[in-house]
Amino acid sequence: MASNLSFVLNKPNDVTFEERPVPKLQHPHDVLVAINYTGICGSDVHYWQHGAIGHFVVKDPMVLGHESAGTVVEVGSQVKTLKKGDRIALEPGYPCRRCGSCLSGRYNLCPDMVFAATPPYDGTLTGFWTAPFDFCYKLPDNVSLQEGALIEPLAVGVHIVKQARVTPGASVVIMGAGPVGLLCAAVARSFGATKVVSVDIVQAKLDFAKSYAATHTYMSQRVSPEENARALIEAADLGAGADVVIDASGAEPSIQTSLHVVKMGGTYVQGGMGKADINFPIMALCLKEVTARGSFRYGSGDYKLAIELVAAGKVDVKALVNGVVAFKDAEEAFKKVKEGQVIKILIAGPNEKIEHGMDTSVDEQKLKEAQAAGSTGCC
Ligand SMILES: NC(=O)c1ccc[n+]([C@@H]2O[C@H](COP(=O)([O-])OP(=O)(O)OC[C@H]3O[C@@H](n4cnc5c(N)ncnc54)[C@H](O)[C@@H]3O)[C@@H](O)[C@H]2O)c1
Ligand SMILES: OC[C@H](O)C(O)[C@@H](O)CO
């Protein structure tokens, strides 16, 4: 059998490669998947740097990664819809299916969720992975395995935009133009939003957002949230405010500005995960009767829609990929993401041959600066 080399986080800033046993099918409804590509998420970088996100603490060595696509190599006796050789996008969290949240259709809120690379559970930066068949989504012929690895963050964006109830003709402001904010912008456009304003503090990110899915961009100012909101509304010609504001930054000033940008009776969605507690403008929330919702991962129908959007050419996920590296270069890829110079890097599975790699040389100075600034907005 091929290699089951795994990329293991031992403790902050200490990663190693470990050959682990190939997992066996535990259940007749499971499939065994050979991992082809995995993207790096801000949360992976955060665990690598800090060993914890909120109350999720890495106590024992943990395999990183949860944004993966792969190829089915074995199916359990009860699997009817997948067969060996099928190419799939992998949904990396498995709920209990029995609790109130699961039974109400909101399985992403299951308290017993087993989620890849969220301690204590191992992630998908490995050779082989077992999963229940209904959390493996067959990719249409016109969607590549590399695009398949981007379905996970796209499903995050789909869930956020669904929570925002974006309708045709809506104006949508998105705070943060990292991968999640960019994908929210693309999904909002596909839902019919006619004005999509990407907001960030880095000009290069805004330039990319404009070339990608934003109709307008705005560079956030270091002024009061009210002043920032006034300038944003004017710059993007939002009249009485935006129908919808989405935070995909997790940054306190951006969240505060959001509540002053949203229109009377508009909708605000918290997608970014920054500091756990912040000063929040409750008076604006109250006086404008803003509908505020959280958004966590993805639920029923989100992966399916994400794949359909890519297959239909409505969301371009390829444009976000700066390069693909061999499995042995996983740590360099993490450094590149931390350095903040790339949007998405894919790591090929340990059994995958890549024809054209990317330059993985890391600018140590930029890396140090990014570390000092905590540039990965995650958690
Ligand atoms: N809700 C979920 O289920 C879920 C899932 C994945 C990621 N996330 C969160 O979504 C957020 C975005 O993820 P990402 O991978 O795109 O992260 P990222 O760090 O790449 O992007 C965050 C962006 O916000 C920008 N930013 C920082 N301060 C800002 C400010 N004051 N105003 C405007 N923009 C500002 C940064 O420059 C960056 O471009 C993170 O907080 C992450 O933890 C949430
Ligand atoms: O896309 C899924 C997210 O990255 C995860 O929920 C992570 O942030 C915490 O487990």
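About the criteria used
- Residues numbered from 1 in each chain as written.
- Chains lettered and ligands numbered in written order.
- Predicted model: local features only at pLDDT ≥ 70, side-chain atom pairs only at ≥ 80, totals over all residues.
- Heavy atoms only, no water.
- 1 Å grid on protein atoms, 1.4 Å probe; cavity = no way out; pocket = protein on both sides within 12 Å on 5 of 7 lines; lining within 4 Å.
- Points joined across faces, edges and corners; volume = space filled by probe spheres on them.
- Helix = DSSP H or I, 4+ residues; strand = E, 2+ residues; numbered from the N terminus.
- Nonpolar A, V, L, I, M, F, W, Y, C, P; charged D, E, K, R; others polar.
- pLDDT = per-residue confidence, 0-100.
- Near = heavy atom within 4 Å.
- Polar contact = N/O pair within 3.5 Å; in protein donor to acceptor, adjacent residues only side chain to side chain.
- Areas by Shrake-Rupley, 256 points an atom, 1.4 Å probe, with all protein chains shown as cover.
- Buried < 20%, exposed > 50% of the residue type's maximum accessible area, 1.4 Å probe, protein only.
- Contact = heavy atoms within 4.5 Å.
- Axes fitted to C-alpha atoms, helices over the stretch in contact; angles between N-to-C directions.
- Parallel < 35°, antiparallel > 145°, perpendicular 65-115°, else oblique.
- Left-handed = near helix turned anticlockwise from the far one by under 90°.
- Pairing = 2+ DSSP bridges.
- Domains from an automatic or database assignment.
- Buried area = accessible area lost by both parts, 1.4 Å probe.
- Salt bridge = Lys/Arg side-chain N within 4 Å of Asp/Glu carboxyl O.

This part covers the layout of surface pockets. Within this model, the second largest pocket holds a volume of roughly 320 Å³. Along the walls of the second largest pocket sit 19 residues, with Pro23, Asp122, Gly123, Trp129 and Thr130 positioned nearest its centre. Among the elements of the structure, strand E10 (114–115) and strand E11 (128–132) are those that each provide at least two residues to the lining of the second largest pocket. Top element by residues in the lining of the second largest pocket is E11. It accounts for three residues. Its residues assigned to classes, the lining of the second largest pocket shows ten nonpolar, six polar and three charged.

Let's shift gears to the confidence of the model for the chain. When pLDDT is averaged across the chain, the result is 95; 98% of the residues are at 70 or more. In the predicted complex, the global pTM is 0.96; the interface-specific ipTM is 0.98.

What follows deals with the site of ligand 2. Neighbouring ligand 2 are the residues Cys41, Ser43, His66, Phe115, Thr118, Glu152, Val156, Phe296 and Arg297. A distance of 2.7 Å separates an oxygen atom of ligand 2 from a polar atom in the side chain of glutamate 152. Arginine 297 is positioned with one of its side-chain polar atoms (N or O) 2.8 Å from an oxygen atom of ligand 2. Notes on ligand 2: free accessible area 280 Å², of which the protein chains cover 90%. Residues that form the shell around ligand 2 fall into these classes: four nonpolar, three polar and two charged.

So, on to helix H8 (residues 252–261). Among the ten residues that make up H8, eight are buried, leaving the element largely enclosed by the rest of the structure. All of the buried residues along H8 are Glu252, Ser254, Ile255, Gln256, Thr257, Ser258, Leu259 and Val261. Buried residues in H8 make contact with strand E13 (171–175), helix H7 (225–235), strand E16 (242–247), strand E17 (262–270) and helix H9 (282–287).

This next bit is on the packing of helix H5 (residues 179–190) against helix H6 (residues 203–212). For any two helices packed against each other, the geometry is given by the interaxial angle and the distance between the axes. The interhelical angle for the contact between H5 and H6, taken along N-to-C directions, is 25°, at an axis separation of 10 Å. In terms of their interaxial angle, H5 and H6 are classed as roughly parallel. Crossing of H5 over H6 shows right-handed handedness. The residues of H6 that touch H5, namely those facing Leu182, Leu183 and Ala186, are Phe208, Ala209 and Tyr212.

Bringing the sheet that holds strand E1 (residues 5–11) into the picture now. One key point about sheets: their strands pair by backbone hydrogen bonds, in either a parallel or an antiparallel sense. Spatial ordering of the open sheet is given by E2-E1-E6, a layout of three strands whose pairing is antiparallel. What marks the edges here is a single partner per strand, and that holds for strand E2 (14–19) and strand E6 (62–63). Here E1 runs beside E6; their pairing, made up of two bridges, is antiparallel. Bridged to valine 8 within E6 is valine 63.

Before going further, it helps to examine the pairing of strand E3 (residues 30–39). For E3, a buried count of ten out of ten residues is recorded, marking the element as mostly surrounded by other parts of the structure. The sheet contact formed by E3 and E11 spans five bridges and is antiparallel. Considered in E11, the bridge of alanine 34 is made with phenylalanine 128. Both E3 and strand E20 (residues 344–348) contribute to a ladder of three bridges, which runs antiparallel. By the bridge assignment, threonine 38 is partnered in E20 with isoleucine 347.

The next point concerns the domain arrangement of the chain. Segmenting the chain into domains produces domain 1 (5–150 + 317–373) and domain 2 (157–294). A straight line from the C-alpha centre of domain 1 to that of domain 2 covers 28 Å. Domain 1 puts six residues into the contact, and the matching count from domain 2 is six residues. A combined buried area of about 590 Å² lies between domain 1 and domain 2, and 75% of that area is made up of carbon and sulfur atoms. For domain 1, the biggest contributors to the area lost against domain 2 are Ala319, Leu320 and Ile343; these three give 58% of the whole. Summed over the shared surface of domain 1 and domain 2, the result is zero salt bridges. Where domain 1 packs against domain 2, one counts one residue pair in polar contact (both at pLDDT 80 or more). Class assignment for the residues of the side of domain 1 that touches domain 2 results in four nonpolar, one polar and one charged.

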